[in-house]
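Coordinate analysis (summary)
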Amino acid sequence: MNKNKSHSSAAAAATFTLFAVAIFLLSSLHLSHALGSAATLAVTSAPAAVCGVVASEPTRRIACYRDGDVVAVAPDVSFSAISGGRSYFCGLRSGNYSLLCWDTLAGFRSKRLYNNGTVLFENLAVGDSQVCATAVGAGTASCWRTNAAFELPSGSDQFSSISSGSGFSCGILKGSNKVRCWGIESVAKNTESEFRNMSMASLVAGESHVCGLNSSGFLVCRGSNGFGQIDVPEGGALEFSGLALGAEHSCAIRRSNGSVVCWGGRGLFSVNVTKGVSFEVIVSGSNFTCGLTTNNFSVICWGPGWANANGSYSGSGFEIPLPPILPGPCVQSSCSECGIYPQSESLCSGFGNICKPTPCWPQMQAPGPPQVAPPSPPASRSRALTKGLLAFAIVGSVGGVAGACTVIYFLWTGVCFGKKKIHNSVQPTITRGGSLNGGAGSNNGNSPPSRSSTIRRQGSRIMRRQRKHLPPHHERINYGALFCLHLYFGRRGRHRHEQLIWSRVDKEATRSLPSLYCKFSKRVKENAGKSVNKDWLEHENSMLKDIADFYDGCDSE
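Everything numeric here is computed off the predicted structure, so don't read it as measured data.

So, how was this worked out
- Residues numbered from 1 in each chain as written.
- Predicted model: local features only at pLDDT ≥ 70, side-chain atom pairs only at ≥ 80, totals over all residues.
- Heavy atoms only, no water.
- Helix = DSSP H or I, 4+ residues; strand = E, 2+ residues; numbered from the N terminus.
- Buried < 20%, exposed > 50% of the residue type's maximum accessible area, 1.4 Å probe, protein only.
- Contact = heavy atoms within 4.5 Å.
- Areas by Shrake-Rupley, 256 points an atom, 1.4 Å probe, with all protein chains shown as cover.
- Core = buried A, V, L, I, M, F, W, Y, C linked by side-chain atoms within 4.5 Å.
- Pairing = 2+ DSSP bridges.
- Axes fitted to C-alpha atoms, helices over the stretch in contact; angles between N-to-C directions.
- Polar contact = N/O pair within 3.5 Å; in protein donor to acceptor, adjacent residues only side chain to side chain.
- Salt bridge = Lys/Arg side-chain N within 4 Å of Asp/Glu carboxyl O.
- Phe/Tyr/Trp six-rings, centres within 6.5 Å; stacked < 30°, edge-to-face > 60°.
- pLDDT = per-residue confidence, 0-100.
- Disulfide = S-S within 2.5 Å.

The helix and strand inventory of the chain stands at 9 helices and 28 strands. A buried classification covers 43% of the 557 residues belonging to the chain. Across the chain, the fraction of contacts at a sequence separation of at least 24, relative to all contacts at a separation of at least 6, is 53%. Here the chain displays about 28400 Å² of accessible surface, and carbon together with sulfur accounts for 55% of that area.

Structure (structure tokens):
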């Protein structure tokens, strides 16, 4: 018995050594590992192969392409979904009761992994070596082909979806939408902790990083970032849909037009072969990516790890000579959650429907055909009219501002409405024989001197004296302000006069107005009896009458 144990230990050690050497050699050659979640398209890497579930046939069989050959895998069996690992891929039979796997290193030799009609499975996720799936309805996860270092998921956790990477798997918990990971403890715990309490709507695993869409529709990546594989491109909510992750790169489908954008991977995945091509599904190995085109459901592969260069190269990329592949699994469902995929009936040959993928984001409008330009003459006239209106608005605005500034300037400098001011040029000519009525009569010699006589004798003298003691600027302000007082006293009331003085006449001019008024009043009184121009005298009397109640105390001067 001890001998058997020793032989078993030696065999296990030798197997482990050979396995380690093989892994080292494979890693030194940068071979890819197919990772991720269940779909109708899958890839493996040792050797590089791509497989898909064939569309528009009664039997939804699997067809694979490897080294220039198309291989029919289980041609008489229908499958709903497949997922690829390092050197093998697995398929979930229609009805979800059986799980089969094929080793691509051994000529697609098959092996049944699970077969039970009682517990059905979905969400197939093949990682680097492990195979996991969730029970239909319950959401509990089960895993196969694991080693002792791989910790199995908790039997109490229920998942809405899962994905597998290299040595770990992660899923979105039902109810909370939080991320829960399991597998090799250090890798699983670190990955899970980076998502913390983030609520996620979808999740896809790569070799050592994980990306997904959060509940708001934004792209989020966590994990290793040695090559920029988690430096997500700029984009708003609901910008991306399908995801595919490798060892050093990540790719996503833009929802607006189905184009693929890749980041990380040493810049080797942003290639011209995908330009102008719309994709329905994408999957990745560790250093190559394959996609299912929207146009005719053909498969295109690109990246440094894709060794099948003898594939048919077209202007859009390496088109693999596979028959059309289903864009999603055919299921017996009304697809009430998100709706039915177009062409479902013909793609599934009448056996079920293809449901649109969950979560059900709002539908984005794809870019339509180029709009036909309107006839040039109407467009030219429209542009000319628009430019004319714009020029008119600009010129009008500038003119309005200039006018407002001009009015403000004249008011601020004390010049009232047209720079009106009183100076010698408007003084009346004094004649000795004149009368109050313009020379038609004379004053009684026994009567005291009239008010107009005083005005005529003293008016010019007082105004000359006032100008002699003040510089020209203050002369203009004082006389202009006095004229303003006359206008506003007669038309607006006393409070308006006070407001005018303090807001529109500078303080120095305002302080001189009382004295100026009294001197002007004396001049009017002294010249009251002399012959003056009738219009000017009426003007003077009107000024005095309007402002007489504003200043008092002139008798003392």
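With that settled, consider the nonpolar core. Counting 40 residues, the largest nonpolar core has Val50, Ile62, Cys290, Val299 and Trp306 as the members making the most contacts within it. For this core, the secondary-structure elements that each account for two or more residues are β1 (41-45), β2 (48-53), β3 (62-66), β5 (79-84), β7 (98-103), β22 (279-284), β23 (289-293) and β24 (299-302). Those residues in contact with isoleucine 62 that lie beyond four places of it in its chain are Cys51, Gly52, Val71, Ala72, Val73, Phe79, Ile82, Phe89 and Trp102. Ranked by size, the runner-up nonpolar core spans 14 residues in total, among them Cys90, Phe121, Ala135 and Trp144.

Here 4 strands make up an open sheet; going across it, the order is β1-β2-β3-β4 and the pairing antiparallel. A single partner strand is all that each edge strand has here, and the edge strands are β1 and β4 (69-73). Strand after strand, the sheet turns through a mean of 20° between neighbouring axes, direction not considered. Relative to β2, β1 is paired through 5 bridges, and the arrangement is antiparallel. Bridge pairing in β2 links threonine 44 to alanine 49.

Within the element layout of this structure, serine 202 appears in the loop between α2 (185-195) and β16 (204-205). The exposure class assigned to serine 202 is buried, which follows from its relative accessible area of 18%. In terms of polar contacts, serine 202 uses its side chain to reach the backbone amide nitrogen of leucine 213, at 3.2 Å. Sequence-distant contacts of serine 202, that is, excluding residues within four places in its chain, are made with Ile172, Cys211, Gly212 and Leu213.

We now examine the pattern of salt bridges. Within the structure shown, the criterion is met by 6 salt bridges. For arginine 61, the salt bridge is made with glutamate 57, and the minimal N-O distance between the two is 2.9 Å. Judged by relative accessible area, glutamate 57 falls into the partly exposed class, the value being 25%. Across the pair aspartate 128 and arginine 86 runs a salt bridge whose closest N-O atoms are separated by 2.9 Å. Separated by 42 residues along the polypeptide, aspartate 128 in the loop between β9 (121-126) and β10 (131-135) and arginine 86 in the loop between β5 and β6 (88-93) bring together distant segments of the chain.

Moving on, we get to the packing of aromatic side chains. One pass over the structure, following the stated rule, counts 9 aromatic pairs. For the pair phenylalanine 89 and phenylalanine 108, a centre-to-centre distance of 6.4 Å together with 70° between the ring planes defines the contact as edge-to-face. Taken together, the positions of phenylalanine 89 in strand β6 and phenylalanine 108 in the loop between β7 and β8 (109-115) put the pair 19 residues apart, joining distant regions of the chain. The residues phenylalanine 89 and phenylalanine 108 share a single accessibility class, namely buried. Between the aromatic rings of tyrosine 114 and tryptophan 144, the centroid separation amounts to 5.9 Å while the plane-to-plane angle is 50°, which identifies the pairing as tilted. Taken together, the residues span a long stretch of sequence, with tyrosine 114 in strand β8 and tryptophan 144 in strand β11 (residues 141-144) at a distance of 30 residues.

The next point concerns the confidence of the model for the chain. Model confidence for the chain is summarised by a mean pLDDT of 74, while 59% of its residues fall at 70 or above. The model gives residues 311-317 a pLDDT under 50, and that stretch makes 15 contacts with residues more than four places away or in other chains. Per-residue pLDDT stays below 50 along residues 483-510; that stretch engages in 48 contacts with residues further than four places along the chain or on separate chains.

The next subject is the environment of leucine 173. Secondary-structure assignment places leucine 173 in strand β14 (residues 168-173). The class of leucine 173 is buried, set by a relative accessible area of 10%. Taking the C-alpha atoms as reference points, leucine 173 and aspartate 157, separated by 16 residues in sequence, lie 7.0 Å from one another. Not counting the four nearest positions on each side in its chain, leucine 173 is found in contact with Asp157, Gln158, Phe159, Lys178 and Arg180.

What follows concerns the environment of valine 187. Among the structural elements, valine 187 can be located in helix α2. As a C-alpha pair, valine 187 and serine 166 span 21 residues in sequence and 9.1 Å in three-dimensional space.

Once that is clear, we can look at the side chain of threonine 293. In this fold, threonine 293 is placed in strand β23. In terms of polar contacts, threonine 293 uses its side chain to reach the side chain of asparagine 296, at 3.0 Å. In this structure threonine 293 touches Val277, Ser278, Phe279, Glu280, Ser298 and Ile300, once residues within four positions along its chain are discounted.

What makes a disulfide is a covalent bond joining the sulfur atoms belonging to two cysteines. Scanning the entire structure with this criterion turns up 10 disulfides. With its sulfur 2.0 Å from that of its partner, cysteine 90 forms a disulfide with cysteine 101. Classification of the bridge connecting cysteine 90 and cysteine 101 rests on its S-S torsion, roughly 95°, and on that basis the disulfide is right-handed. Pair noted here: cysteine 90 is in strand β6 and cysteine 101 is in strand β7, with a separation of 11 residues, a long-range link. The exposure classification of cysteine 90 matches that of cysteine 101, with both residues buried.

All right, on to the pairing of β23 then. Taking burial as the measure, the 5 residues of β23 include 5 buried ones, the bulk of the element. Judged by which residues are buried, β23 turns out to be covered on both faces: Thr289, Gly291 and Thr293 on one side and Cys290 and Leu292 on the other are all buried. Examined bridge by bridge, β22 and β23 share 5 bridges and lie antiparallel to one another. Note that in β23 the partner of serine 284 across the bridge is threonine 289. The antiparallel pairing of β22 with β23 creates a hairpin that spans 4 residues between the two strands. Across 4 bridges, β23 lies against β24 in antiparallel orientation. If you follow leucine 292 over to β24, its bridge partner there is valine 299. What sits between β23 and β24 in their antiparallel hairpin is a turn of 5 residues, with phenylalanine 297 showing a positive phi close to 60°.

Here we take up the pairing of β5. Every other side chain in a regular strand lies on the same face of the sheet, so the side chains alternate between the two faces. Across the 6 residues of β5, 6 count as buried, placing the element largely inside the fold. Pairing geometry for β5 and β6, over 5 bridges, is antiparallel. Considered in β6, the bridge of alanine 81 is made with leucine 92.

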